Amino acid sequence: MAVRVNQFADWKQQGQPVAVLTAWDYMSGQMADQAGADMILVGDSLAMVALGYNNTLPLTLDDMLHHAKAVRRGVKHALLAVDLPFLSFQISEAEAMRSAGRLLKEAGAQAVKLEGGYPRMAATIQRLVEAGIPVVGHVGLTPQSVNQVGGFQKQGKSPEAADRILQEAIAIEKAGAFAIVLEHIPSKLAKTITATLSITTIGIGAGQFCDGQVLVTADVLGLSDWQPPFAKRYAELRNQGIQAAKAFCDEVRSLQFPE
């Protein structure tokens, strides 16, 4: 059976961990789905992984729609969530509604993810949920704020910063999100947030005490030329792929390519 939003609350109560992977095209979506991921996220990390940007900011809503449509064609079981890219939801609640609606209507997304839990963003989340759009929140390191936070640094290290992140997480739950990503924060803080909230917490660089974990699939497969220190590589496909392609080139140039 295909995964549905309401299952996440049951899994939280049952203590069943949630596995989340990212995808950026048909093949990566199909692979993550067949591997058994519960949720597949078309994350704005594709700006770096698939499009070669230095951060996620250049990504447009049209970019996300293009990639999400391809992923949708490869996903049959997992819940498909899609990031709202920078400036597609911060300007106004109406703009957020239009952007999220397009992802559901045109790309077949079942949920959207957006960053931040400050008051105006919590109000935006509430408005989306009231309209029937499932939402995943995101606190801690929020990559779309990379210029404001001074790079991809761990967040919530001071008591004041930790309390702010906790309060944002609480606000996101109250606004109606069904899950929340906790990125690059101390494991003690992630444990506190997970124990405080009744919705599913999904960690990335946030330790072992979250209800689930997410990694960028390119990092998992060892395809990335750079990855954050908390991202475990489960294979080294980049090097293997380069060597396979080199073997092909060598055979062609030495006239050994088979007929």
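Thresholds applied
- Residues numbered from 1 in each chain as written.
- Predicted model: local features only at pLDDT ≥ 70, side-chain atom pairs only at ≥ 80, totals over all residues.
- Heavy atoms only, no water.
- Helix = DSSP H or I, 4+ residues; strand = E, 2+ residues; numbered from the N terminus.
- Buried < 20%, exposed > 50% of the residue type's maximum accessible area, 1.4 Å probe, protein only.
- Lys, Arg positive; Asp, Glu negative; His and termini not counted.
- Salt bridge = Lys/Arg side-chain N within 4 Å of Asp/Glu carboxyl O.
- Polar contact = N/O pair within 3.5 Å; in protein donor to acceptor, adjacent residues only side chain to side chain.
- Contact = heavy atoms within 4.5 Å.
- 1 Å grid on protein atoms, 1.4 Å probe; cavity = no way out; pocket = protein on both sides within 12 Å on 5 of 7 lines; lining within 4 Å.
- Points joined across faces, edges and corners; volume = space filled by probe spheres on them.
- Nonpolar A, V, L, I, M, F, W, Y, C, P; charged D, E, K, R; others polar.
- Phe/Tyr/Trp six-rings, centres within 6.5 Å; stacked < 30°, edge-to-face > 60°.
- Patch = residues over 30% accessible without salt bridge, like charges linked within 9 Å, V, L, I, M, F, W, Y side chains within 5 Å.
- Areas by Shrake-Rupley, 256 points an atom, 1.4 Å probe, with all protein chains shown as cover.
- Pairing = 2+ DSSP bridges.
- Axes fitted to C-alpha atoms, helices over the stretch in contact; angles between N-to-C directions.
- Arc of directions from axis to C-beta.
- Expected span 1.5 Å × (residues − 1).

Asker: An account of the side chain of Glu115 is needed here, citing residue identities and associated values.
Answerer: Position of Glu115 among the secondary structure elements: in the loop between strand 4 (111-113) and helix 6 (119-130). Of the side chains with opposite charge, Lys113 lies nearest to the buried Glu115, which makes no salt bridge, at 4.9 Å. A polar contact of 3.0 Å, which involves the side chain of Glu115, links it to the backbone nitrogen of Gln144. Contacts of Glu115, omitting those with residues within four sequence positions, involve Asp44, Phe89, Met121, His138, Thr142, Pro143, Gln144 and Ser145.

Asker: Quick rundown of the environment of Glu183? Include the residues and the values.
Answerer: On the secondary structure map, Glu183 appears in strand 6 (residues 179-183). Each C-alpha atom, one on Glu183 and one on Thr142, is 7.3 Å from the other, the two residues being 41 residues apart in sequence. Filtering out sequence-adjacent residues up to four positions away, Glu183 remains in contact with His138, Val139, Gly140, Leu141, Pro143 and Ile204. A distance of 2.9 Å separates a polar atom in the side chain of Glu183 from a polar atom in the side chain of His138.

Asker: Go over empty space enclosed by the protein, please, and point to the residues and values.
Answerer: This model, assessed by the stated rule, comprises one cavity of 30 Å³ or more. Estimates place the volume of the largest cavity at around 30 Å³. Lining the largest cavity are Val20, Met39, Leu41, Lys113, Val136, Val181, Ile202 and Val214. Across the lining of the largest cavity, the residue classes tally to seven nonpolar, no polar and one charged.

Asker: So, the packing of aromatic side chains: which residues are in play, and what are the values?
Answerer: Per the stated rule, a full pass over the model turns up three aromatic pairs. Relative to Phe257, the ring of Phe248 lies with its centre 5.6 Å away and its plane at 85°, an arrangement referred to as edge-to-face. Assessed through its relative accessible area of 46%, Phe248 is described here as partly exposed. Joined through ring pairs, the aromatic side chains of Phe8, Trp11 and Phe178 make up one cluster.

Asker: Could you give an account of a nonpolar patch on the surface, naming the residues involved and the relevant values?
Answerer: A cluster of nonpolar residues, Tyr26, Met27 and Met31, forms a patch on the protein surface that exposes about 320 Å² of accessible area. Tracing the backbone through its elements, the reader meets Met27 in helix 2 (residues 26-34). A relative accessible area of 54% places Met27 in the exposed class.

Asker: Describe in detail the sheet that holds strand 6, supporting the description with residues and values.
Answerer: Ordered by their spatial adjacency, eight strands build a closed barrel running 1-2-3-4-5-6-7-8, and the pairing between neighbours is parallel. With strand direction ignored, the average angle separating the axes of adjacent strands in the sheet is 25°. In the sheet, strand 2 (residues 39-42) pairs with strand 3 (residues 79-83) via four bridges, with the strands oriented parallel. Across the sheet, the residue bridging to Met39 is Leu79, located in strand 3. The sheet strands contacting helix 4 (residues 61-74) are strand 2 and strand 3, and the helix crosses strand 3 at an angle near 170°.

Asker: Tell me about helix 9 (residues 187-196), and name the residues and values.
Answerer: Taken residue by residue, helix 9 has Leu189, Ala190, Ile193 and Thr194 as its buried positions. Projected down its long axis, helix 9 shows its buried positions confined to an angular sector of 135°, all on one face. Away from its buried face, by an angle of more than 90 degrees, helix 9 presents the exposed residues Lys188 and Ala195. Tucked inside the fold, the buried residues of helix 9 contact helix 1 (7-14), helix 8 (159-175), strand 6 and strand 7 (200-204).

Asker: An account of helix 6 is requested, with residue identities and associated values reported.
Answerer: Taking 1.5 Å per residue as the helical rise, helix 6 with its 12 residues ought to reach 16 Å, and the 16 Å between its terminal C-alpha atoms agrees with that figure. Where the residues of helix 6 are buried, they touch helix 5 (93-107), strand 4, strand 5 (135-140) and helix 8. Gly132, located one to two residues past helix 6, shows a positive phi value of around 90°.

Note that all results are geometric; they support no functional claim without further evidence.
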